[in-house]
Amino acid sequence: MGIGGLDREAHVAEGTGAAAAPRTLAEALRARGDEGLAALLRARPDLLNPVPNDLTQLATRAGTRGSVVRALERLDRFALQTAEALAVAPDPAPYPVLLALLTGDEGDTTIEAALPGAVALLREQALVWGEDDRLRLVRTARELLSPSPQHPSPTGLGPTVAEATSGMSPGRVQEIIATAGLAATHDPVSAVAALTGLFTDRARMGALLDEAPPEALAVLDRLVWGPPYGEVTPNPAPPVRWLRDRGLLLPVSARTVVLPREVALHLRGGRAHRAPEPVAPEVAVLREHRPQLVDGAAAGQAYTALATVEELLKSWDKGGPQVLRAGGLSVRDLRRVAAALDVTEPVASFWLELCHGAGLLASDGEADERYAPTPAYDDWLDLPPAERWVRLVAPWLASTRTPGLAGGQDAKGRALSALGPDLDRAAAPEVRHRVLGLLATLPPGAAADPETLFARLRWERPLRGAAGAGGSGDEGAGPSLPDDLRSRLARWSLAEAELLGLTGRGALAAPARALLNLPLAEAASPADEGGGVEEAVAAERAATLLAPLLPEAVDHVLLQADLTAVAPGPLRRPLADALAVLADVESKGGATVYRFTPGSVRRALDSGLAASDVHAFLAAHSRTPVPQPLAYLVDDVARRHGHLRVGAASAYVRCDDDTVLGEILADRRSAALGLRRLAPTVLAAQTDPAALLEGLRAMGYAPAAESAEGDVLVTRADAYRTPARTAPVPVPDGPPAPDATLLHAAVKAIRAGDRAATAVRREPAAPAPAGSLPRTSSAETLATVQAAAMTGSAVWIGYVNADGAASQRVIAPVRVEGGFVTGYDHTADEMRTYPLHRITGVAELADDQV
């Protein structure tokens, strides 16, 4: 049975048929159906950890400061403005009063149409409770949003007349009402009420302001939209004195005055906000392209992304740079990566974080810790290109890493480094999905105007990541700054989506729509996001759409007489790997150019190839004849390769031609190697074999290493890999959203616990203190539960578990034996067994509760 099938009836007033108005938030929640409770727990999942025992505990938890702050941060701008208006309205506030604070004297049909939805949203999230004639903002939210000298209200309003005059002497209050033209009263309370009545009476207030000097009205104009506080001298100017004498400005201290809330509302025409925003701003279209053009551009960028990742990780195949002591990559190493990829440092940070987030790159965990590809990188290379793209993009969408912060500083002034520990921002995945979702609302092929997109994001979450605590859209409090974290995340998301090929020319591509479970043929609405398609199915759809758009891999190159080879497209992996050993990449682009050099050919020979193997390889994979200069280069290097032999003494050099060894000894460049002749064909060195090999190669020779048995050592470029590493887990943005099963179970448990907590018990002979557990002797406990088991009735028990935690439960005993009672626990909604010695006492339920 679904949650909707378990709706409960609201409480009914005794003796009448009318529903009783809730007196507390707990009673308001108790009057909700199960769907309403499930909606609250879905919107505020922090209330579920752990599952509350009953509705009173749920209401208490919903009013805690941390939970209320999280709920306010997830409100859109108009819902937040509605809550801010309730915070400055009387408590409780009738619906017409709230409407007047938002529409003002002139009214606004758009606000009138949007306000019921905003109130319903606040009610659903338990930030507002009560009927329309008595709307109440939960106390914690009122404390957060109400104006105070330390925390000005986002509305820009100040305290009421009663609040501002609370510490004022009765004589001074009487002077103010007399100067304002009011009759004297017998006590300060009635005097304040009279002054409040004057300020809230539009006709009398207008007449009073008509008498004000123009300079005094100018002072009010500066304060009316906030902040409402101003500094004055001990001897203020006449306009300020005129306002202060009539209570239009009230003293807060010897040098500070405040504009009372009632006066500000009169000057504003009754509006709490200068610019209410009941409707979300539209995302404007910057330019339109043909969808096929967008998909093609996105696919080209997706291929570039794959090539960039492969190039980056291949350069670290034998081990990458060291990890900083505080974690992350040094600035020098980041610059090297940027230079190697021919990109800026921020873009290099993005590629590094992308590889790390996809689990393709990690630190090796050794004492001299360094970065290197993971074993998952080799598996990734074996996948088809479209699937490799999905393996990069899916982790990026869920990652909380924000490479855009690299190069900046944290709150303590410490540098933030790429791959470092302080680049996680929990809001990043939500912003990425929302940015792409908003792009999906535009017609296919349409690119969004970034500024309107950022404005929409700020409207949807004005408090999330804002630079300040304000952000209601008023001048004075000020909207969220264009540089707040959420806007920066959105700006980075747009740029990164273009780099990855999710967008082409600023518009969302079809593979990205498939990956996000968005409709492909028509615009999606925000409600379409995260549809019912499984992630694996969505990834398969995206790969299927992308595959035909990627360039086909080729199995040949074009050899040229200038010792270069041109790859007319992406090369198949065996050919690309072999050519990377035999030649050096000279330029990249639509066609990659490789150059053959003596060093590159020697590298191929060092890997175990013979000259004949190289000739055969070139002839098999070239669409043009092998140029004579290239054939001569291979033969020349092969003829000299291995002529010299280097082994371990510390190191030695041997050669059948003693004249060659004489040339080496005579060469000044060999001095650093510490060579000396041991025999006509052998030289000994004071350096290790690897350094000796490099030194001789730098002098123009082509030595080969040999083993202790005298055989030539084949030095293949074996890749260095970290131990198996899992991809980093995103930092959660609060508790995860509960699924339907958890919501159903939680609502069921809360209802059961609430029935137990609110059940009416028979009055004992000696009434127990309120809130205490029932106390009976062991004999009485046993007799009562045995009687309940025979009659099938329910009883109320007090129970202390093994950890010493006490609770009260309503159970229906079915069996009592062996020192245990087994029965149906209405609180837990299941059969349970309790040791009798842990039951503190038993009480029968009232007759109407059985």
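Look up: the structure comes first, before these words.
Quick notes on the rules
- Residues numbered from 1 in each chain as written.
- Predicted model: local features only at pLDDT ≥ 70, side-chain atom pairs only at ≥ 80, totals over all residues.
- Heavy atoms only, no water.
- Helix = DSSP H or I, 4+ residues; strand = E, 2+ residues; numbered from the N terminus.
- Buried < 20%, exposed > 50% of the residue type's maximum accessible area, 1.4 Å probe, protein only.
- Contact = heavy atoms within 4.5 Å.
- Pairing = 2+ DSSP bridges.
- Axes fitted to C-alpha atoms, helices over the stretch in contact; angles between N-to-C directions.
- Salt bridge = Lys/Arg side-chain N within 4 Å of Asp/Glu carboxyl O.
- Core = buried A, V, L, I, M, F, W, Y, C linked by side-chain atoms within 4.5 Å.
- Polar contact = N/O pair within 3.5 Å; in protein donor to acceptor, adjacent residues only side chain to side chain.
- Parallel < 35°, antiparallel > 145°, perpendicular 65-115°, else oblique.
- Nonpolar A, V, L, I, M, F, W, Y, C, P; charged D, E, K, R; others polar.

Here's the deal with the overall build of the protein chain
Working step 1: Assigned secondary structure in the protein chain consists of 33 helices and 25 strands.
Working step 2: The burial tally for the protein chain puts 46% of its 850 residues in the buried class.
Working step 3: In the protein chain, 66% of the contacts between residues at least 6 apart in sequence involve partners at least 24 apart.

A few points about the sheet that holds strand β3 (residues 229-231)
Working step 1: Sheet architecture is open: three strands sit in the order β3-β5-β4, paired in antiparallel fashion. Only two strands of the sheet have a single partner each, and these edge strands are β3 and β4 (250-253). Ignoring strand direction, the axes of neighbouring strands in this sheet form an average angle of 35°.
Working step 2: Pairing between β4 and strand β5 (residues 256-258): three bridges, direction antiparallel. Bridge pairing links Leu250 to Val258 in β5.

So, the pattern of salt bridges
Working step 1: Tallied over the entire structure, the rule returns 37 salt bridges.
Working step 2: In this structure, Arg639 and Asp636 form a salt bridge, with 2.7 Å as the shortest nitrogen-oxygen distance. Here Arg639 and its partner Asp636 are both found in helix α29 (residues 628-640), three residues apart, which amounts to about one turn of the helix.
Working step 3: Judged by its relative accessible area of 59%, Arg639 is exposed.
Working step 4: Connected through shared salt-bridge partners, Glu310, Lys314, Arg388 and Asp577 make up one network.

Focus on the pairing of strand β15 (residues 592-595)
Working step 1: One ladder, built from four bridges, connects strand β13 (residues 564-567) with β15; its direction is antiparallel. Bridge pairing in β15 places Thr564 opposite Arg595.

Looking at the sheet that holds strand β25 (residues 839-844)
Working step 1: Read from one edge to the other, the open sheet built from five strands follows the order β24-β23-β22-β21-β25, with strand pairing classed as antiparallel. Only two strands of the sheet have a single partner each, and these edge strands are β24 (830-835) and β25. Averaged over all pairs of adjacent strands, the angle between strand axes in this sheet comes to 45°, irrespective of strand direction.
Working step 2: The sheet strands contacting helix α33 (residues 778-791) are β21 (795-800), β22 (806-817), β23 (820-825) and β25, and the helix crosses β22 at an angle near 65°.

Concerning the nonpolar core
Working step 1: In this structure, Leu29, Leu41, Leu195, Phe199, Leu248 and Leu249 are the most contacted members of the largest nonpolar core, which totals 90 residues.
Working step 2: Here this core takes eight residues from helix α5 (residues 77-88), the largest share from any one element.
Working step 3: Residue contacts for Leu195: discarding those within four places in its chain leaves Val161, Ile176, Ile177, Ala180, Leu182 and Arg246.
Working step 4: Listed in part, the 71 residues of the second largest apolar core include Val309, Ala448, Leu453 and Leu457.

A closer look at the environment of His273
Working step 1: With respect to the helices and strands, His273 occurs in the loop between α15 (261-267) and β6 (285-288).
Working step 2: On the basis of relative accessible area, His273 is assigned to the buried category, the value being 0%.
Working step 3: Sequence separation between His273 and Leu102 is 171 residues; the distance between their C-alpha atoms is 6.8 Å.
Working step 4: A distance of 2.8 Å separates the side chain of His273 from the side chain of Glu84, its partner in a polar contact.

Things to note about the side chain of Arg142
Working step 1: Mapped onto the elements, Arg142 comes out in helix α8 (residues 139-145).
Working step 2: Setting aside its immediate chain neighbours within four residues, Arg142 contacts Leu86, Ala87, Ala89, Pro90, Asp91 and Leu137.

Brief notes about the environment of Gly642
Working step 1: You can see Gly642 is positioned in the loop between α29 and β16 (645-647).
Working step 2: Among the residues examined, Gly642 registers a relative accessible area of 16% and is labelled buried.
Working step 3: Remark: the alpha-carbon pair of Gly642 and Tyr701, spanning 59 residues in sequence, is separated by 9.6 Å.
Working step 4: Residue contacts for Gly642: discarding those within four places in its chain leaves Ala702, Pro703 and Ala704.

Some points on the side chain of Asp825
Working step 1: Along the polypeptide, Asp825 turns up in strand β23.
Working step 2: The exposure class of Asp825 is buried, given its relative accessible area of 0%.
Working step 3: Within the structure, Asp825 has its side chain in polar contact with the side chain of Tyr834 (distance 2.2 Å).
Working step 4: When neighbours within four sequence positions are excluded, Asp825 is seen to be in contact with Arg809, Val810, Ile811, Glu830, Arg832 and Tyr834.

Focus: the packing of helix α20 (residues 385-398) against helix α21 (residues 428-440)
Helix-helix packing is described using two parameters, namely the angle between the two axes and the distance between the axes.
Working step 1: The interhelical angle for the contact between α20 and α21, taken along N-to-C directions, is 115°, at an axis separation of 7 Å. By the angle class used here, α20 and α21 are roughly perpendicular. Where α20 abuts α21, its residues Trp396, Leu397 and Ala398 lie against Pro429, Arg432, His433 and Leu436.
Working step 2: Of the residues in the contact of α20 with α21, the class split is five nonpolar, one polar and one charged.

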